[in-house]
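Architecture at a glance
Single-letter residue listing:
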There are 2 protein chains.
Amino acid sequence: MAITVVGSVAYDSVETPAGKYDRRLAGAATYFSLAASYFTDVRVIAVVGEDFGAEQEGVFKARKIDIQGIERAPGKTFFWQGSYLENLNEAKTHQTDLNVFAGFQPKIPDAYRDSEFLFLANIDPVLQRRVREAMPHVKLVAGDTMNYWIKDHKSALLEVLKGLDILLINDTETRMLAGKDNLVLAARHVLSLGPKTLVVKHGEYGATAFFAPEKPGGAIRAFRAPALPLDEVVDPTGAGDSFAGGLFGYLASQGDVTPSTFRRAMFYGGVMGSFAVERFGTERLQGLDRKEVDARFHLFRELTHLE
Amino acid sequence: MAITVVGSVAYDSVETPAGKYDRRLAGAATYFSLAASYFTDVRVIAVVGEDFGAEQEGVFKARKIDIQGIERAPGKTFFWQGSYLENLNEAKTHQTDLNVFAGFQPKIPDAYRDSEFLFLANIDPVLQRRVREAMPHVKLVAGDTMNYWIKDHKSALLEVLKGLDILLINDTETRMLAGKDNLVLAARHVLSLGPKTLVVKHGEYGATAFFAPEKPGGAIRAFRAPALPLDEVVDPTGAGDSFAGGLFGYLASQGDVTPSTFRRAMFYGGVMGSFAVERFGTERLQGLDRKEVDARFHLFRELTHLE
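Just so you know, these numbers come straight off a predicted model, no measurement behind them.

Rules behind the numbers
- Residues numbered from 1 in each chain as written.
- Chains lettered and ligands numbered in written order.
- Predicted model: local features only at pLDDT ≥ 70, side-chain atom pairs only at ≥ 80, totals over all residues.
- Heavy atoms only, no water.
- pLDDT = per-residue confidence, 0-100.
- Contact = heavy atoms within 4.5 Å.
- Buried area = accessible area lost by both parts, 1.4 Å probe.
- Salt bridge = Lys/Arg side-chain N within 4 Å of Asp/Glu carboxyl O.
- Polar contact = N/O pair within 3.5 Å; in protein donor to acceptor, adjacent residues only side chain to side chain.
- Helix = DSSP H or I, 4+ residues; strand = E, 2+ residues; numbered from the N terminus.
- Nonpolar A, V, L, I, M, F, W, Y, C, P; charged D, E, K, R; others polar.
- Buried < 20%, exposed > 50% of the residue type's maximum accessible area, 1.4 Å probe, protein only.
- Pairing = 2+ DSSP bridges.
- Axes fitted to C-alpha atoms, helices over the stretch in contact; angles between N-to-C directions.
- Left-handed = near helix turned anticlockwise from the far one by under 90°.
- Least-squares fit on C-alpha atoms with pLDDT ≥ 70 in both.
- Parallel < 35°, antiparallel > 145°, perpendicular 65-115°, else oblique.
- Lys, Arg positive; Asp, Glu negative; His and termini not counted.
- Arc of directions from axis to C-beta.

Chain-level statistics for chain A give a pLDDT mean of 96 and a share of 100% at 70 or above. This complex was scored by the predictor with a pTM of 0.95 and an ipTM of 0.93.

What follows deals with the interface of chain B and chain A. Contact residues are listed per partner, giving 32 residues for chain B and 32 residues for chain A. Counting the surface chain B buries against chain A, the share from its top three residues, B:Tyr205, B:Arg224 and B:Leu306, is 29%. At the boundary of chain B and chain A, one finds 6 salt bridges. For A:Glu307, the salt bridge goes to B:Arg301, with nearest N and O atoms at 3.0 Å. Between chain B and chain A we count 22 residue pairs in polar contact (both at pLDDT 80 or more) in total. When residues of the side of chain B that touches chain A are traced back to their parent elements, those giving at least two are α6 (171-178), α7 (183-192), β13 (221-225), α9 (259-276) and α11 (290-304) of chain B. The leading source of residues in the side of chain B that touches chain A is α11(B), at 5 residues. Across the side of chain B that touches chain A, the residue classes tally to 16 nonpolar, 4 polar and 12 charged.

Residues and elements named next belong to chain A. Summarising burial for strand β2 (residues 10-16): 6 of the 7 residues are buried, a large majority. Bridge count for β2 against strand β3 (residues 19-26) is 6 bridges, and the pairing is antiparallel. Opposite valine 14, over in β3, you have tyrosine 21 as the bridge partner. Counting the residues between successive antiparallel strands, the hairpin from β2 to β3 contains 2 residues.

Here we take up the packing of helix α8 (residues 239-254) of chain A against helix α9 (residues 259-276) of chain A. Residue and element names in this part refer to chain A. At a closest axis distance of 7 Å, the pairing of α8 and α9 adopts a crossing angle of 145°. In this structure, α8 meets α9 at a crossing whose hand is right-handed. Residues Ala239, Ser242, Phe243, Gly246, Leu247, Tyr250, Leu251 and Gln254 of α8 form the contact with α9, whose own contacting residues are Thr261, Phe262, Arg264, Ala265, Met266, Tyr268, Gly269, Gly270, Met272, Gly273 and Ala276. Along the lines of polarity and charge, the residues of the contact of α8 with α9 split into 11 nonpolar, 7 polar and 1 charged.

Another point: the relation of the copies chain B and chain A. When chain B is brought onto chain A, the operation consists of a screw motion whose angular component is 180° and whose axial shift is 0.0 Å, with 0.0 Å RMSD remaining. Such a combination of turn and shift is consistent with a two-fold rotation axis. Take the interface residues of chain B: 100% of them recur as interface residues in chain A, which is what a same-surface contact looks like.

Whether parallel or antiparallel, the strands of a sheet pair through hydrogen bonds between backbone atoms. All names here are of chain A. One open sheet holds the 4 strands; their spatial order is β3-β2-β6-β7, and the pairing between them is mixed. Whereas interior strands pair on both sides, the edge strands pair on one side only; in this sheet they are β3 and β7 (92-97). Sheet twist, expressed as the average angle between the axes of neighbouring strands with direction ignored, equals 10°. Across 5 bridges, β2 lies against strand β6 (residues 79-83) in parallel orientation. Paired with serine 13 across the strands is glutamine 81, a residue of β6.

All names here are of chain B. Axis separation between helix α1 (residues 28-36) and helix α8 (residues 239-254) bottoms out at 7 Å; the angle between their running directions is 40°. By the angle class used here, α1 and α8 are oblique. For the pair α1 and α8, the crossing hand works out as right-handed. The segment α1 lies against α8, with Ala28, Tyr31, Phe32, Ala35 and Ala36 engaging Asp241, Ser242, Ala244, Gly245, Gly246, Phe248 and Gly249. Its residues assigned to classes, the contact of α1 with α8 shows 7 nonpolar, 4 polar and 1 charged.

Residues and elements named next belong to chain B. Among the 5 residues of strand β12 (residues 207-211), 5 are classified as buried, and the element is accordingly described as predominantly covered. Pairing geometry for strand β11 (residues 197-201) and β12, over 5 bridges, is antiparallel. Bridging across to β12, threonine 197 finds its partner in phenylalanine 211. Counting the residues between successive antiparallel strands, the hairpin from β11 to β12 contains 5 residues, one of them, glycine 203, with a positive phi of roughly 65°. Relative to β13, β12 runs antiparallel, the two being bridged by 5 bridges. By the bridge assignment, phenylalanine 211 is partnered in β13 with arginine 221.

Right, let's get into the side chain of A:Asp12. Residues and elements named next belong to chain A. Mapped onto the elements, aspartate 12 comes out in strand β2. Of the side chains with opposite charge, arginine 23 lies nearest to the buried aspartate 12, which makes no salt bridge, at 9.3 Å. Aside from chain neighbours lying at most four places away, what touches aspartate 12 is Tyr21, Asp22, Arg23, Arg24, Ala26, Gly27, Phe79, Trp80 and Thr237.

We now examine α6(B). Residues and elements named next belong to chain B. Inspection of α6 places Asp171, Glu173, Thr174, Leu177 and Ala178 among the buried residues, and these make up the whole buried set. Each buried residue of α6 lies within a common arc of 165° when the element is viewed along its axis, so the set occupies one face. Among the structural elements, α4 (147-152), α5 (154-162), β10 (166-170), α7 and β11 are those in contact with the buried residues of α6. N-capping of α6 is provided by asparagine 170, with a side-chain oxygen placed 3.1 Å from the backbone N of threonine 172. Positive backbone phi, approximately 65°, marks glycine 179, located one or two places after α6.

Dropping the structure here:
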């Protein structure tokens, strides 16, 4: 089944202990769609500026990602500059130029309307909700958000959460959203806000999925997927979006969300996250093949399974 | 097979967000031996003061733990006071009175000498080494240490590491010992110092075992075991020692250290750690039965396994 993703397509300038690069194609929707493209058809809704050309288009087209929903607007593409020099687990932002993103009004091409899966990457919850409402027939909706929206746009975010099947956020965001320090209690609270499943990303420690109880007050089930211990993290940028792309891409490829499919999807999320950070920017995600993806899936299995 | 453990038997006064207690039986060797006692025979070497009486002895005896190696010395038992009010993952120490522990000279009862497994809990590496050398016939030696010994007694510690089959420490200690920030590179370095296996404890995120490469410079294998997401951590004290007790206890009960046994042992480590933190002090570890332990093992399996 096909996925439509709405989110940022951007240029990043990034410095890490392994090196740096300037104004490379990036953004949550880019990482997500590249990662998901190894599993299923992906369609992108985003806005870019006049500095987005054939080279950038080519990155999507090489992975057969549909970009008719990437709108060209007068001006420059969203730009982010950050570094990970002191802490690979947390980006330090040096500059954010919203540029054309400031006026982003998502437009959904007709050809996207039969998408069964919808991913709302980290953007203004008002826009997330608008896209969600414009695609009422999707089977499954997942979304991401960040501390900024949790802190300063909570009521709009809460409206989005009501309509989500899966919310993917990190430990800090989960605790902030719930106002609780214990992760299980925080997860239970977040699940009471709407999402049927909460996936908490723990960075180098993997991720935990919490599933809403079948009846209110019941026990919540959990599933933990590992991250791969890597001897070099070249560039953490996009790891979370790539995790989301692997997870949601695999779910869409299966077309169902049984517990067993979801578990495998969590592993594929970790797999795509682990590839993403091995090279700068989107480089590693551009040049994989499905065989490498599945070989790494088996590594994850060996890393965690008793037999 | 029987385990001999050398380490601290102590009194703790602890405050956590869930409450507090005063001068309760604690110490690394206590937590370790209680946890290991669900799997195999355990023998303790430690020193206590005149304030250690029948009640404290009873805690060990109820679990059939051999305490003839617990020496009574004039004075008071080792005392530690700490709190976890701001951060459940890291104790804040308020007071440490070594008392009789200051002059601890481990004495090994003859009845302990046929122990096949030896655990060197976190004490002065000079003493760890002395006990190791006094028990040359053990089949497997594991040990723990802490930042204090890594920082200020490194050369003595390095001598201990040379003779270890398994070293169990946490993320921070691993990075500190290796002087490397990347965990995999740090693990590789620590393995080059002697231990055949390094188990890195990640607190609420579980633990990773790194196995020394078969030839120098070869790849290191890894295995990740989860921790159980808990909706209340009543008291984190002793979690790491209980993890070690579960892991080493299970290994000793099997008598071999095949990769498959080690994987299950990592899970049992997590299991015993998860019990330890559910109640104050050693309370939960005193009253378990093997059925509960195995039921939780299956929970850990469900939490991480695809099928």
